[in-house]
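Listed here are the chains, written in short residue letters.
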Amino acid sequence: MASVSAPSAALAPRRPSASAALLFPYPYSSPRVSPSPTAQPRRLAVAARAMPWPHVLTVAGSDSGAGAGIQADIKASAALGAYCSSVITAVTAQNTVGVQGVHAVPEEFVGEQLRSVLSDMSVDVVKTGMLPSAGIVKVLCENLRKFPVKALVVDPVMVSTSGDTLSGPSTLATFRDELFPMADIVTPNVKEASKLLGDVSLQTISDMRSAAESIYKLGPKHVLVKGGDMPDSTDAIDVFFDGKEFIELRGLRIKTRNTHGTGCTLASCIAAELAKGATMLHAVEVAKKFVESALYHSKDRVIGNGPQGPFDHLFSLKSPLHKMGSLHKFNPDDLFLYAVTDSGMNKKWGRSIKDAVKAAIEGGATIVQLREKDTETREFLEAAKACVDICRSSGVPLLINDRIDVALACNADGVHVGQSDMPAWEVRELLGPGKIIGVSCKTPAQAEQAWKDGADYIGSGGVFPTTTKANNPTLGFEGLRAVCSASKLPVVAIGGINTGNAGSVMELGLPNLKGVAVVSALFDRECVATETRSLRSILMNACSRS
Ligand SMILES: Nc1ncnc2c1ncn2[C@@H]1O[C@H](COP(=O)(O)OP(=O)(O)OP(=O)(O)O)[C@@H](O)[C@H]1O
Ligand SMILES: Cc1ncc(CO)c(N)n1
Ligand SMILES: [Mg+2]
């Protein structure tokens, strides 16, 4: 007879650790070990009100390697908090080398799957991927007419990156004539855009714009021409068109072999965001950021021997530091009036860091850096958190000088580092691709290195002699000019700049000199807002002259 032993400690109910609670935040109550005999049995909290669950239905092919297709769609939607059902149009035998076989599902059975899901499961958004035949496209369109949804995202998958055909030329006309007019967005890559338009050549951003406009004329409400496969580009640039305006969405191009499934993932993320209620442009921006972050976090992973590996959609489960929370996209024009705080000056004038930042923003600062060399860490962090709130609500990015730990803890928009701080590439490793990194550079060689390290901008100076920073050699206009002309990055000038000389800096007319950074001229003054306001008007006048 088997002996009955006491439950081991490992099986006893335990509260989840704090870190598990952080990773899987859900209301958790520890199970009661010995309920009193009179207590009513506890019921699981059955929802008294219906909780909406954003729902994406993907109509696409299965990728046995699970990097693209249905598998990517389910992972991407789930990562962004949407439920994803799946109607399978084809089964592919596929790996990191390429596509070895395609087995299309009969049209009637695609129809049956569509009816099953659409008639019962409250789908918000349909996303399409591989549609291997004109017949399947037609069945899909019939079902969409019968069961309307909030939005239709069409990723016109035709050829895999390995060059294998996933949807032949016979479906092209049905895509154009039947599916596109029903679509809220169509997301071709450059090769697909070219095919849809009769093999036009697409080499430049301007070609991508023309293609977006021509595809828009086929009937979708928005078009996104994806530039992931554009040759020789240091950025990953996509062109968005809503019928009126073109928007170039620029992302960091991640150096990795693991780009299989980027297109499927992007379209699914757009669908998930739309299902959650986002506007189209916001959905596209979130989706692009998601792809960039996922590529970044899986760039060194190795699966398979072929040229194109999968990436990790669930990176945020493993890397809580890089949550999708902060989506501030760096705009070089934000460098225009760059306010840098100084604890000594705040103390002198009896101001808190928070009040100093508030006043600078009120006066028109376009970006803020907290440079607190002798504030205690705990006090600094508290102040930084308050400043993040102020800056977020005004749409002004907030950077932290040198202290990567503080930047992470307060979820700032980025950091600024000097030549003796942590190298920018290490900072990038820690902060991920979504944060802004600035580097102080005095020489063309340093500027070149900052670009290689993945910085977003350069701070160059001291342009004039300054008392804010000890032992800081003055570069003068010539030094600034040398750094700017060697730099592929936008530059902000710093060092001794004030209302008296700021105009002359901007009047140098250096194309990548985007603004001036100031400390004393704003914060070693009685009224920070007034000083900021007058500096702003001086800068604007200088720019209109040069
Ligand atoms: N190396 C990269 N770094 C950053 N973003 C990338 C990279 N490659 C692609 N992207 C982005 O991924 C998204 C998908 O674009 P891409 O052109 O790769 O689509 P696709 O060719 O349809 O993808 P696939 O066929 O591999 O699923 C775009 O936003 C693009 O800019
Ligand atoms: C099944 C499937 N759908 C889409 C793509 C495009 O990446 C692929 N390679 N495989
Ligand atoms: Mg691609």
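Above this text sits the structure in question.
Only a predicted model underlies this, so the values are computations on that prediction, with no experimental measurement involved.

Novice: Is there a simple way to explain the overall build of the protein in this structure?
Specialist: The secondary structure content of the protein amounts to 20 helices and 17 strands. For the protein, the residues scored as buried account for 50% of the 546 residues in total. Of all intrachain contacts in the protein linking residues separated by at least 6 positions in sequence, the fraction that spans at least 24 positions is 67%. For the protein, the accessible surface area stands at approximately 25,700 Å², while carbon and sulfur atoms represent 55% of it.

Novice: Explanation requested: the packing of aromatic side chains in the structure shown.
Specialist: One pair of aromatic rings is described through two measures. These are the centre distance and the angle between the planes. Tallying each qualifying case throughout the model produces 8 aromatic pairs. Measuring from ring centre to ring centre gives 5.5 Å for F290 and F315, while their planes differ by 55 degrees; the resulting arrangement is tilted. With F290 in helix α9 (residues 280-297) and F315 in helix α10 (residues 315-318), this pair connects stretches of sequence that are 25 residues apart. An identical accessibility class is assigned to F290 and F315; each is buried. The ring of Y296 has K299 lying over it, and the distance from NZ or CZ to the ring centre is 5.1 Å. When the ring centre of W451 is taken as reference, the NZ or CZ atom of K488 above it lies at 4.1 Å.

Novice: I tried to follow the sheet that holds strand β3 (residues 99-104) on my own but got confused; where do I start?
Specialist: Within a sheet, adjacent strands bond to each other through the backbone by hydrogen bonds, running parallel or antiparallel. With respect to topology, 9 strands assemble into an open sheet ordered β3-β2-β1-β4-β5-β6-β7-β8-β9, the strand pairing being mixed. Each edge of the open sheet carries a strand with a single partner, namely β3 and β9 (246-252). Pairing of strand β6 (residues 185-186) with strand β7 (residues 222-225) involves 2 bridges; the strand directions are parallel. In the strand pairing of β7, I185 is matched with H222. Contacts from helix α2 (residues 69-79) reach β1 (55-63), β2 (83-94) and β4 (125-128), with the element oriented near 150 degrees to β1.

Novice: Looking at this structure, how should I read the packing of helix α12 (residues 353-363) against helix α13 (residues 377-394)?
Specialist: The angle between the axes and the distance between the axes are what describe a pair of packed helices. At a closest axis distance of 9 Å, the pairing of α12 and α13 adopts a crossing angle of 15 degrees. Considering their axes alone, α12 and α13 lie roughly parallel with respect to each other. Where α12 crosses over α13, the handedness of that crossing is right-handed. Residue-level contacts link I353, K354, V357, K358 and I361 of α12 to A383, A386, C387, I390, C391 and S394 of α13. Residue composition of the contact of α12 with α13, by class: 8 nonpolar, 1 polar and 2 charged.

Novice: For this particular structure, what's the right way to read the nonpolar core?
Specialist: The nonpolar side chains of a soluble globular protein tend to be buried with one another. Residues Y338, L370, I400, L480, I497 and V505 are the most contacted members of the largest nonpolar core, which totals 76 residues. The element best represented in this core is α13, accounting for 7 residues. Apart from the residues lying within four places of it in its own chain, the contact partners of L370 are T341, I353, V357, F380, A384, C387, L398, L399, I400 and N401. Residues V126, L152, V154 and F175 belong to the second largest nonpolar core, which totals 40 residues.

Novice: Hey, could you run me through the site of ligand 2 in this one?
Specialist: Every residue near ligand 2 is listed here: G61, S62, A68, G69, Q94, M130, V157, S160, L166, H260 and C264. A distance of 2.7 Å separates a nitrogen atom of ligand 2 from a polar atom in the side chain of Q94. Taking 290 Å² as the accessible area of ligand 2 by itself, protein coverage stands at 92%. By residue class, the composition of the shell around ligand 2 is 5 nonpolar, 6 polar and no charged.

Novice: Before we go on, may I ask you to explain the side chain of T341 in this structure?
Specialist: Examined against the element boundaries, T341 turns out to sit in the loop between β10 (337-340) and α11 (343-349). Side-chain polar atoms of T341 contact the backbone nitrogen of R371, separated by 3.2 Å. Among the polar contacts listed, one links the side chain of T341 to the side chain of E372, at a separation of 2.9 Å. In this structure T341 touches N346, V357, Q369, L370, R371, E372, V519 and F523, once residues within four positions along its chain are discounted.

Novice: Looking at this structure, how should I read the site of ligand 1?
Specialist: Close contacts around ligand 1 come from 19 residues, with N189, K226, D238, I254 and T262 the closest. The contact in question runs from an oxygen atom of ligand 1 to an N or O atom on the side chain of D238, over 2.4 Å. Residue G263 places a main-chain N or O atom 2.9 Å away from an oxygen atom belonging to ligand 1. In the complex, 94% of the free accessible area of ligand 1, which totals 630 Å², lies under the protein chains. Elements with a contribution of two residues or more to the shell around ligand 1: β8 (235-241), α8 (262-275) and α9. The element contributing the most residues to the shell around ligand 1 is α8, with 4 residues. In terms of residue class, the shell around ligand 1 is built from 7 nonpolar, 7 polar and 5 charged.

About the thresholds
- Residues numbered from 1 in each chain as written.
- Chains lettered and ligands numbered in written order.
- Predicted model: local features only at pLDDT ≥ 70, side-chain atom pairs only at ≥ 80, totals over all residues.
- Heavy atoms only, no water.
- Helix = DSSP H or I, 4+ residues; strand = E, 2+ residues; numbered from the N terminus.
- Buried < 20%, exposed > 50% of the residue type's maximum accessible area, 1.4 Å probe, protein only.
- Contact = heavy atoms within 4.5 Å.
- Areas by Shrake-Rupley, 256 points an atom, 1.4 Å probe, with all protein chains shown as cover.
- Phe/Tyr/Trp six-rings, centres within 6.5 Å; stacked < 30°, edge-to-face > 60°.
- Lys NZ or Arg CZ within 6 Å of the ring centre and 35° of its normal.
- Pairing = 2+ DSSP bridges.
- Axes fitted to C-alpha atoms, helices over the stretch in contact; angles between N-to-C directions.
- Parallel < 35°, antiparallel > 145°, perpendicular 65-115°, else oblique.
- Left-handed = near helix turned anticlockwise from the far one by under 90°.
- Nonpolar A, V, L, I, M, F, W, Y, C, P; charged D, E, K, R; others polar.
- Core = buried A, V, L, I, M, F, W, Y, C linked by side-chain atoms within 4.5 Å.
- Near = heavy atom within 4 Å.
- Polar contact = N/O pair within 3.5 Å; in protein donor to acceptor, adjacent residues only side chain to side chain.

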